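# Structural description and commentary
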There are 2 protein chains.
Amino acid sequence: MTQTPTTSPVEEKIYVSGTIHKDVRVPMRKINLRPVEGQERSLCVYDTSGPYTDPMAKVDIRKGLPRIREGWIEARADTEFRSGDVTSALKKIGSRMPEMDHTARRALPRRTVTQMHYAKQGTITPEMEFVAIRENQNRAILRKRFEELTPAEQERETRLQGESFGAKLQEYITPEFVRDEIAKGRAIIPANINHPETEPMIIGRNFLVKVNANIGNSAVSSGIDEEVEKLVWATRWGADTVMDLSTGKNIHETREWILRNSPVPIGTVPLYQAFEKVNGKIEDFGWEVFRQTLIEQAEQGVDYFTIHAGVLKDHAALAKDRVTGIVSRGGSIMAQWCSYHNKENFLYTHYEEICEIMAAYDICFSLGDGLRPGSIADANDAAQFAELETLGELTKLAWKHDVQVMIEGPGHVPMHMIKENVDKQLECCDEAPFYTLGPLTTDIAPGYDHITSAIGAGMIGWFGTAMLCYVTPKEHLGLPNKTDVKDGMIAYKIAAHAADLAKGHPSARDRDDMLSYARFNFHWEDQFNLSLDPQTARKFHDETLPKDRHKGA
Amino acid sequence: MTQTPTTSPVEEKIYVSGTIHKDVRVPMRKINLRPVEGQERSLCVYDTSGPYTDPMAKVDIRKGLPRIREGWIEARADTEFRSGDVTSALKKIGSRMPEMDHTARRALPRRTVTQMHYAKQGTITPEMEFVAIRENQNRAILRKRFEELTPAEQERETRLQGESFGAKLQEYITPEFVRDEIAKGRAIIPANINHPETEPMIIGRNFLVKVNANIGNSAVSSGIDEEVEKLVWATRWGADTVMDLSTGKNIHETREWILRNSPVPIGTVPLYQAFEKVNGKIEDFGWEVFRQTLIEQAEQGVDYFTIHAGVLKDHAALAKDRVTGIVSRGGSIMAQWCSYHNKENFLYTHYEEICEIMAAYDICFSLGDGLRPGSIADANDAAQFAELETLGELTKLAWKHDVQVMIEGPGHVPMHMIKENVDKQLECCDEAPFYTLGPLTTDIAPGYDHITSAIGAGMIGWFGTAMLCYVTPKEHLGLPNKTDVKDGMIAYKIAAHAADLAKGHPSARDRDDMLSYARFNFHWEDQFNLSLDPQTARKFHDETLPKDRHKGA
């Protein structure tokens with residue numbers, strides 16, 4: 001382990017090196033606590049913030065982040081640089097990043113460059129070792145073996161044992177376990193070969209529950225700077241991936257700046273941009289413009305695509321008596337397209353061609369739930385579940401192409417109907433990772449949907465969702481600003497962690513226990529530093545008891 | 001039904017009259033919506049805000065609220081005015097409320113004046129009819145019978161049917177059902193004969209899930225004005241009861257002002273004041289000072305008392321290996337007392353005398369969980385459950401005296417261990433209402449414990465908790481200010497409503513469905529007005545789309 005010294009004594013950014021792949025360096029945040037009985041104490045926590053929080057790193061957003069995966073990708077010798085028409089088109093659109101030199105790669109002809117492909121061949125990639133180390137968070141150092149525990153500690157471990165509902169949580173994650181999970185399709189590492197800046201992370205129900213943050217401008221809203229700032233801000237508060245849902249001006253350029261400066265995987269909904277290209281005219285929309293958009297975004301480096309291939313022509317009828325119809329924008333466009341052209345969804349009919357594109361860049365499917373319920377009233381209905389069955393079929397087809405897949409889920413679901421979603425998804429999609437929005441457990445609190453949905457998110461994470469898509473207080477009302485992004489992130493880090501605790505994820509409780517110990521012993525600074533948001537905790541404390549002496553022993 | 005006209009066209013305060021007791025007038029908030037196909041539409045919602053939101057009412061906090069229950073209490077002819085030493089003592093302390101004329105009542109000798117007593121005798125009191133009307137929220141008017149529904153509506157009702165875990169939810173609450181539930185101890189109406197200002201409400205798992213807000217000053221914090229303001233503010237956002245946990249100066253006077261101005265039941269922890277009287281000296285503390293404090297607060301009109309009678313001398317040993325020991329202030333004082341005096345808890349040994357006092361004023365027990373866990377690590381441990389078993393025993397003893405009882409519950413519990421708490425409480429305490437704080441589902445987010453605990457509160461409410469005690473963002477860090485009170489209240493109204501939906505409470509979904517309909521049809525004003533916090537929803541919307549035309553069709 002190499003340690004990067006920092007100016008702050010309470011917090012350090014450290015890097016843990018790989019053993020199979022020596023150039024793997026996994027970032028962690030080490031929180032140093034006050035010594036107890038002369039003994040140094042610290043806790044390592046998962047760190048999604050990238051080089052931005054490394055005092056030794058010099059970040060220049062005009063140059064983009066270091067391309068930590070470039071050597072790994074090159075060493076595999078299965079890709080080539082592209083100089084075809086699409087790349088030229090990109091250059092013409094012009095990312096105003098003068099100091100940037102991003103030349104797109106793609107797989108050599110007849111080669112598949114996905115993590116799933118390597119995994120099936122038995123290869124442990126640097127990406128796999130990276131996520132194995134990352135998931136463990138140095139817990140081997142902290143964690144005593146059960147037989148070394150005192151009787152009181154043993155009683156506690158037994159009493160607090162989790163309920164994982166069939167998830168196969170590991171005491172210690174090995175690179176081989178990661179490889180096996182990816183080969184089986186139970187986990188994914190979103191890592192486009194054109195996004196070498198990303199620090200690999202894994203999404204699967206046998207790993208820590210992850211959180212995605214949506215950002216993105218619209219025709220009436222923010223600019224590029226603001227979106228890059230939101231990206232960095234979201235990862236600062238723990239976003240594991242970020243979706244850029246921009247639909248405004250400069251959509252391509254915005255995405256370029258985001259990708260080059262993102263330490264986390266980036267997801268998009270290519271349909272949005274493709275549909276803009278035909279000025280939102282359903283009659284002009286179709287496979288060709290969509291395919292071209294896919295390739296453009298693939299070459300930019302998007303790590304996962306939401307693809308609404310499960311909204312079939314016959315499904316629309318199932319949604320006709322709903323209170324809130326079809327609320328997914330992608331779902332609504334595709335339903336309209338099927339109806340207007342009286343044809344089956346082209347994303348479904350061209351699905352294997354999409355798989356081939358995904359395989360050539362290692363882009364993950366995020367199979368969209370275009371028929372997700374938009375209200376409690378429409379939860380778990382025939383339309384939603386018909387689509388889910390189609391997504392199960394598409395999952396197996398993607399796997400045939402060695403393409404990684406996760407499945408999007410609802411939405412709006414009352415508490416008592418949440419588990420049915422997870423059970424059905426696991427069954428239909430053979431344990432492909434589930435990626436859910438919320439769900440909101442009631443519709444009566446616009447302005448507070450980070451809370452209505454944190455309740456559902458905690459529960460669905462416990463039941464088996466691998467990644468939670470955050471909901472901000474602005475949901476249904478407007479686009480999130482920085483404050484909203486933070487509020488959404490904190491609510492979802494809470495939900496994800498509560499889920500890890502309930503599943504019985506090894507060591508999830510360490511942070512709770514250390515914070516509780518600090519709280520009970522009035523070690524205020526430790527309590528603040530161990531919390532998800534030390535500044536706010538400290539500020540709230542100081543409002544009532546501002547004196548320094550209240551923070552010490 | 002009589003309607004009080006208001007100046008606001010979207011919102012009206014209405015009163016629904018009783019049929020058994022003609023002078024029963026139950027307040028509701030009627031939200032008027034835009035007509036659809038020429039048809040007027042509205043929704044009545046539960047209204048805890050008292051006369052403060054009635055434009056026809058003149059409230060002068062120096063005079064206190066109208067004593068709506070005074071006539072009902074007098075008509076029962078089982079009470080007398082007190083002029084004894086305690087009341088004189090009170091006058092000496094002096095509530096600086098010059099225009100107030102509060103003379104304390106108590107039961108005539110050998111009479112029991114509790115709602116449970118009347119219920120067991122077969123009497124439907126005005127309080128019982130009041131709560132029956134209140135729980136129904138005019139839903140008989142809204143609700144179509146199942147056979148009148150369209151096939152799509154029928155499908156929806158079947159699909160969204162709740163899971164009540166054995167709760168006996170009624171399509172329509174009758175006064176007789178209320179009486180029966182109270183007689184069986186499954187529900188309580190906290191209504192001290194000395195708090196005639198209170199608008200009766202019911203706590204029980206076969207009724208709507210309720211929310212309590214804690215307020216109260218401390219030695220270092222706010223004054224009387226601020227506490228009365230917080231009370232009114234909390235009820236404005238839906239607090240069903242309020243606990244005054246003041247420990248600062250003028251504790252008695254603060255309580256007097258709160259009681260005389262509170263439309264909701266007030267709870268206290270008499271132990272706090274009793275212990276102040278002996279300057280926190282455990283050696284001087286005991287039954288006599290406690291008894292005197294109980295009577296003082298009883299005569300002031302406190303509706304329920306937290307009594308830590310379940311913390312037995314032998315229980316402390318069970319908590320010795322905990323990460324966070326005993327965190328309940330009351331529990332900790334009583335454990336200390338038992339240890340110092342080497343005697344059994346005097347609240348336990350004098351329990352039947354306490355019952356007699358409670359019976360003479362109709363004060364409800366809120367049997368305190370002095371050994372509740374203070375951290376995830378200590379959840380559901382032997383200490384907590386030993387106390388719960390004692391509380392079960394004490395419940396039956398209180399019922400023997402016809403005293404109403406609810407049981408306090410945790411605290412800090414990971415999601416997978418929440419249900420065990422409810423199941424065990426229902427079993428030990430023969431379905432006496434459960435009243436839980438949170439629970440927090442993780443300890444890592446001080447500053448956001450309204451969210452860590454809203455997750456647990458939603459779940460525990462679904463499983464059967466009758467009333468949720470809110471947690472504000474300041475929990476563990478300081479005393480809540482007005483913003484915190486509101487944030488805590490909204491988070492808990494969300495949790496309570498999500499629980500009602502999941503249980504399948506009749507008509508709970510009406511508000512969700514109407515809001516969803518408004519949302520889908522871009523009836524922005526209806527969406528705002530149906531939400532828990534219209535101002536915030538409107539403000540968030542206007543931040544992105546400030547133009548008026550975005551709010552209409």
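Conventions and cut-offs
- Residues numbered from 1 in each chain as written.
- Chains lettered and ligands numbered in written order.
- Predicted model: local features only at pLDDT ≥ 70, side-chain atom pairs only at ≥ 80, totals over all residues.
- Heavy atoms only, no water.
- Helix = DSSP H or I, 4+ residues; strand = E, 2+ residues; numbered from the N terminus.
- Rg over C-alpha atoms; globule rule 2.2 N^0.38 Å.
- Buried < 20%, exposed > 50% of the residue type's maximum accessible area, 1.4 Å probe, protein only.
- Contact = heavy atoms within 4.5 Å.
- Buried area = accessible area lost by both parts, 1.4 Å probe.
- Salt bridge = Lys/Arg side-chain N within 4 Å of Asp/Glu carboxyl O.
- Polar contact = N/O pair within 3.5 Å; in protein donor to acceptor, adjacent residues only side chain to side chain.
- Nonpolar A, V, L, I, M, F, W, Y, C, P; charged D, E, K, R; others polar.
- pLDDT = per-residue confidence, 0-100.
- Pairing = 2+ DSSP bridges.
- Axes fitted to C-alpha atoms, helices over the stretch in contact; angles between N-to-C directions.
- Core = buried A, V, L, I, M, F, W, Y, C linked by side-chain atoms within 4.5 Å.
- Right-handed = clockwise from strand over helix to strand, strands pointing away.
- Expected span 1.5 Å × (residues − 1).
- Disulfide = S-S within 2.5 Å.
- Phe/Tyr/Trp six-rings, centres within 6.5 Å; stacked < 30°, edge-to-face > 60°.
- Lys NZ or Arg CZ within 6 Å of the ring centre and 35° of its normal.

### Brief notes about the overall build of chain A
Along its length, chain A carries 21 helices and 16 strands. A globule of 553 residues ought to have a C-alpha radius of gyration of about 24 Å, and chain A, at 23 Å, matches this closely. For chain A, the spread of C-alpha atoms along the principal axes amounts to about 75 × 50 × 45 Å. Per-residue burial for chain A yields a buried fraction of 67% across its 553 residues.

### Looking at the interface of chain A and chain B
Every contact between the two is made by 84 residues of chain A and, on the other side, 84 residues of chain B. When chain A packs against chain B, the two sides together hide about 6,600 Å² of surface, and 70% of this comes from carbon and sulfur. Counting the surface chain A buries against chain B, the share from its top three residues, A:His416, A:Ile444 and A:Tyr448, is 11%. One can count two salt bridges joining chain A with chain B. In this structure, B:Lys474 engages A:Glu543 in a salt bridge whose closest nitrogen and oxygen atoms are separated by 2.7 Å. Across the contact surface, chain A and chain B share 24 residue pairs in polar contact (both at pLDDT 80 or more). When residues of the side of chain A that touches chain B are traced back to their parent elements, those giving at least two are helix H6 (151–159), helix H17 (449–463), helix H18 (482–503), helix H19 (508–520), helix H20 (524–530) and helix H21 (534–544) of chain A. The leading source of residues in the side of chain A that touches chain B is H18(A), at ten residues. Among the residues making up the side of chain A that touches chain B, the classes are represented as 42 nonpolar, 24 polar and 18 charged.

### Overview of the confidence of the model for chain A
Do not read the predicted coordinates in detail wherever pLDDT is low. All names here are of chain A. The pLDDT averaged across chain A works out to 92; a share of 92% of its residues lies at or above 70. Note on residues 1–8: pLDDT is under 50 here. Beyond four places in sequence and across chains, it has 22 contacts. Low pLDDT, under 50, characterises residues 85–90; the stretch is placed with ten contacts to residues that sit more than four places away or in other chains.

### What about the sheet that holds strand S15 (residues 434–437) of chain B?
All names here are of chain B. Taking strand neighbours around the barrel as the criterion, the eight strands line up as S9-S10-S11-S12-S13-S14-S15-S16 in a closed arrangement whose pairing is parallel. Averaged over all pairs of adjacent strands, the angle between their axes in this sheet comes to 25 degrees, without regard to strand direction. Of the strand pairs in this sheet, strand S9 (residues 210–215) and strand S10 (residues 241–244) are connected by four bridges, and their pairing is parallel. Its bridge partner being in S10, asparagine 212 is matched across the sheet by threonine 241. Against the sheet, helix H18 (residues 482–503) engages S9 and strand S16 (467–469), with an angle of about 160 degrees to S9.

### Brief notes about the nonpolar core
Judged by nonpolar contacts, the single largest core of 283 residues is most densely connected at A:Phe285, A:Phe290, A:Phe365, B:Phe285, B:Phe290 and B:Phe365. Beyond its immediate sequence surroundings of up to four residues, A:Phe285 is in contact with A:Leu271, A:Ala274, A:Phe275, A:Val278, A:Phe290, A:Ile333, A:Met334, A:Trp337, A:His341 and A:Phe346.

### Digging into the pairing of strand S10 (residues 241–244) of chain A
Residue and element names in this part refer to chain A. With burial as the criterion, each face of S10 is covered, one bearing Thr241 and Met243 and the other bearing Val242 and Asp244. Judged from the two bridges that link them, S10 and strand S11 (residues 266–268) form a sheet pairing that is parallel. When the bridges of S11 are listed, valine 242 appears paired with isoleucine 266. In this fold, S10 hands off to helix H9 (residues 251–260), which returns the chain to S11; that crossover is right-handed.

### Quick look at the pairing of strand S3 (residues 25–36) of chain A
Residue and element names in this part refer to chain A. For S3, a buried count of nine out of twelve residues is recorded, marking the element as mostly surrounded by other parts of the structure. Here seven bridges tie strand S2 (residues 11–17) to S3, and the two strands are oriented antiparallel to one another. Across the sheet, the residue bridging to tyrosine 15 is proline 27, located in S3. Counted between consecutive antiparallel strands, the loop separating S3 from strand S4 (residues 39–46) contains two residues, among which glutamate 37 sits at a positive phi close to 50 degrees.

### Comments concerning helix H11 (residues 287–300) of chain B
Residue and element names in this part refer to chain B. The end-to-end C-alpha distance of H11 is 20 Å, a good match for the 20 Å that 14 residues give at a rise of 1.5 Å each. For H11, the buried fraction is high: eleven of the 14 residues fall into the buried class. A positive backbone phi angle near 120 degrees is found at glycine 301, which sits one or two residues after H11.

### Examining the side chain of A:Gln115
Residue and element names in this part refer to chain A. Within the secondary structure, glutamine 115 is located in helix H3 (residues 115–120). Take glutamine 115: its relative accessible area is 1%, and that puts it in the buried class. Leave out the neighbours within four places in its chain, and glutamine 115 touches Arg76, Thr125, Glu127, Met128, Ile182, Ile189, Asp362 and Gln404.

### Points about the sheet that holds strand S14 (residues 405–409) of chain A
Residue and element names in this part refer to chain A. A barrel is described by the order of its strands in space; here eight strands give the closed sequence S9-S10-S11-S12-S13-S14-S15-S16, paired in parallel fashion. Between one strand axis and the next, the sheet turns through 25 degrees on average, direction left out of account. Taken together, the three bridges between strand S15 (residues 434–437) and strand S16 (residues 467–469) define a ladder with parallel strand orientation. What sits directly across from threonine 436, in S16, is leucine 468. On the sheet, helix H11 (residues 287–300) packs against S11 and strand S12 (304–307) and is oriented at approximately 160 degrees with respect to S12.

### Examining the pattern of salt bridges
What the rule picks out here adds up to 72 salt bridges over all chains. Salt bridges linked by common partners bring A:Arg69, A:Arg76 and A:Glu127 together as one network.

### Focus on H9(A)
Buried residues dominate H9(A), accounting for ten of its ten residues. Taken as a whole, H9(A) has its buried residues at A:Ile251, A:His252, A:Glu253, A:Thr254, A:Arg255, A:Glu256, A:Trp257, A:Ile258, A:Leu259 and A:Arg260.

### Focus: the state of the cysteines
In this structure the tally under the stated criterion is zero disulfides over all chains. The cysteine A:Cys338 is free of any disulfide, with A:Cys355 supplying the nearest cysteine sulfur at 18 Å.

### What to know about the packing of aromatic side chains
Summed over the entire model, instances satisfying the criterion amount to 28 aromatic pairs over all chains. Summarising the aromatic geometry, the rings of A:Phe290 and A:Phe346 are spaced 5.8 Å apart at their centres and angled 65 degrees between planes, so their arrangement reads as edge-to-face. Here A:Phe290, found in helix H11, pairs with A:Phe346, found in helix H13 (residues 346–349); they are 56 residues apart in sequence, far enough to count as distant. Judged by centre distance (4.9 Å) and plane angle (20 degrees), the ring pair of A:Tyr351 and A:Phe365 falls under stacked. You can see A:Tyr351 sitting in helix H14 (residues 351–361) and its partner A:Phe365 sitting in strand S13 (residues 364–367), a full 14 residues away along the chain. Aromatic ring contacts, followed pair by pair, group A:Phe275, A:Phe285, A:Trp287, A:Phe290, A:Trp337 and A:Phe346 into a single cluster. When the ring centre of A:Trp233 is taken as origin, the NZ or CZ atom of A:Lys482, which lies over that ring, is 4.4 Å away. For B:Arg25, the ring lying beneath its charged end belongs to B:Tyr15, and the centroid distance is 4.0 Å.

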